[in-house]
Amino acid sequence: MTMANMNVKKVKTTDLELKDRLVALRRVTKVTKGGRHFSFAAIVVVGDEKGVVGYGLGKANEVTTAISKGIEDAKKNLVKVPLSKTTIPHEQEAKFGGAKVFMKPAAPGTGVKAGGAMRAVFESVGVSDVLAKSKGSSNPHNLVKATIAALAEMRDAYTIAGLRGIQMNRVFNG
């Protein structure tokens with residue numbers, strides 16, 4: 001699944017109160033004739049904890065600059081996610097690169113049962129009860145992209161009823 005062929009609902013950043021979370025910070029080394037040159041790459045997830053989330057990558061010679069560049073990049077890639085109270089509406093799988101993610105709704109009070117990079121995305125989007133598993137690569141960049149791809153594919157019952165052209169009470173009763 002590439003980010004280009006997802007049915008992404010873009011969100012404007014006006015009057016959104018976004019909170020940022022640093023997912024991963026790497027020190028990158030470039031070896032030149034004059035010696036080693038160090039720089040930093042930061043993966044940042046931003047969200048309003050009410051169904052809007054985005055991610056960004058920032059690279060710079062200093063940590064704080066890399067993080068701020070990542071935040072600015074994340075604000076350009078915001079996605080609206082339908083939520084069902086404190087969890088997700090249905091089970092979903094997605095893949096990006098070598099990272100595969102599986103997530104399913106959980107009962108209230110369960111908490112976020114997910115690993116590092118996935119946990120940051122769920123907390124930023126506002127999901128407080130979910131069961132999630134990452135399979136394959138544990139690369140944080142690809143895990144964040146796969147998690148957001150899965151969340152972007154989520155549809156709530158009202159959307160499905162509208163697409164089928166039926167009333168809401170017939171979605172679950174057939």
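That block above? That's the structure.
Residues numbered from 1 in each chain as written. Predicted model: local features only at pLDDT ≥ 70, side-chain atom pairs only at ≥ 80, totals over all residues. Heavy atoms only, no water.

**Q** Outline the packing of helix α2 (residues 116-125) against helix α3 (residues 140-152), listing residues and values.
**A** The interhelical angle for the contact between α2 and α3, taken along N-to-C directions, is 40 degrees, at an axis separation of 8 Å. The orientation of α2 with respect to α3, classified from their angle, is oblique. The crossing of α2 and α3 is right-handed. Here A117, M118, V121, F122 and V125 of α2 come into contact with α3, specifically with P140, L143, V144, T147, I148 and L151. Residues that form the contact of α2 with α3 fall into these classes: ten nonpolar, one polar and no charged. (Axes fitted to C-alpha atoms, helices over the stretch in contact; angles between N-to-C directions. Helix = DSSP H or I, 4+ residues; strand = E, 2+ residues; numbered from the N terminus. Parallel < 35°, antiparallel > 145°, perpendicular 65-115°, else oblique. Left-handed = near helix turned anticlockwise from the far one by under 90°. Contact = heavy atoms within 4.5 Å. Nonpolar A, V, L, I, M, F, W, Y, C, P; charged D, E, K, R; others polar.)

**Q** An account of the sheet that holds strand β2 (residues 35-47) is needed here, citing residue identities and associated values.
**A** With antiparallel pairing, the four strands of this open sheet are ordered in space as β1-β2-β3-β4. Each having just a single partner strand, β1 (19-32) and β4 (79-80) make up the two edges of the open sheet. By the bridge criterion, eight bridges tie β2 to strand β3 (residues 52-60) in an arrangement that is antiparallel. What sits directly across from F40, in β3, is A60. (Pairing = 2+ DSSP bridges.)

**Q** Help me get a handle on a nonpolar patch on the surface, residues and values and all.
**A** A contiguous nonpolar patch, built from L22, L25 and V63 and spanning about 220 Å² of accessible area, is present on the exposed surface. Relative to the elements of secondary structure, L22 occurs in strand β1. (Patch = residues over 30% accessible without salt bridge, like charges linked within 9 Å, V, L, I, M, F, W, Y side chains within 5 Å. Areas by Shrake-Rupley, 256 points an atom, 1.4 Å probe, with all protein chains shown as cover. Salt bridge = Lys/Arg side-chain N within 4 Å of Asp/Glu carboxyl O.)

**Q** Break down the pairing of β2 for me, citing the residues and quoting the values.
**A** In summary, the side chains of a regular strand alternate between the two faces of the sheet. Summarising the sheet, β1 and β2 pair through 13 bridges and their orientation is antiparallel. In the sheet register, A24 faces β2, and the bridge partner there is I43. Turn length for the β2-β3 hairpin, with the two strands adjacent in sequence and antiparallel, is four residues, and the turn residue E49 shows positive phi of about 60 degrees.

**Q** Describe unusual backbone geometry, naming the residues involved and giving the relevant values.
**A** A positive phi angle, near 60 degrees, is found at E49, a position not held by glycine. When you line up the elements, E49 lands in the loop between β2 and β3. Positive phi values are uncommon outside glycine, yet K85 reaches one of about 60 degrees. Position of K85 relative to the elements: it lies in the loop between β4 and β5 (92-96).

**Q** Explain the pattern of salt bridges to me, and be specific about the residues and the numbers.
**A** Following the criterion strictly, the structure yields five salt bridges and no others. With a shortest N-O distance of 3.2 Å, E49 and R21 are connected by a salt bridge. Within this pair, whereas E49 is found in the loop between β2 and β3, its partner R21 is found in strand β1, the two being separated by 28 residues in sequence. Residue class for R21 comes out partly exposed when judged on its relative accessible area of 21%. (Buried < 20%, exposed > 50% of the residue type's maximum accessible area, 1.4 Å probe, protein only.)

**Q** Break down the nonpolar core for me, citing the residues and quoting the values.
**A** Counting 32 residues, the largest nonpolar core has V101, M103, F122, V144 and L151 as its most contacted members. Residue contributions to this core peak at eight residues, all from α3. Those residues in contact with V144, other than ones at most four positions away along the chain, are V23, I43, V45, Y55, A117 and V121. (Core = buried A, V, L, I, M, F, W, Y, C linked by side-chain atoms within 4.5 Å.)

**Q** Tell me what's going on with the pairing of strand β8 (residues 130-136), and back it up with residues and numbers.
**A** The pairing of strand β6 (residues 99-105) with β8 spans seven bridges and is classified as antiparallel. Opposite A99, over in β8, you have G136 as the bridge partner. Here strand β7 (residues 112-113) runs beside β8; their pairing, made up of two bridges, is parallel. Bridge pairing links K113 to L131 in β8.

The values are spatial; any link to function lies outside them.
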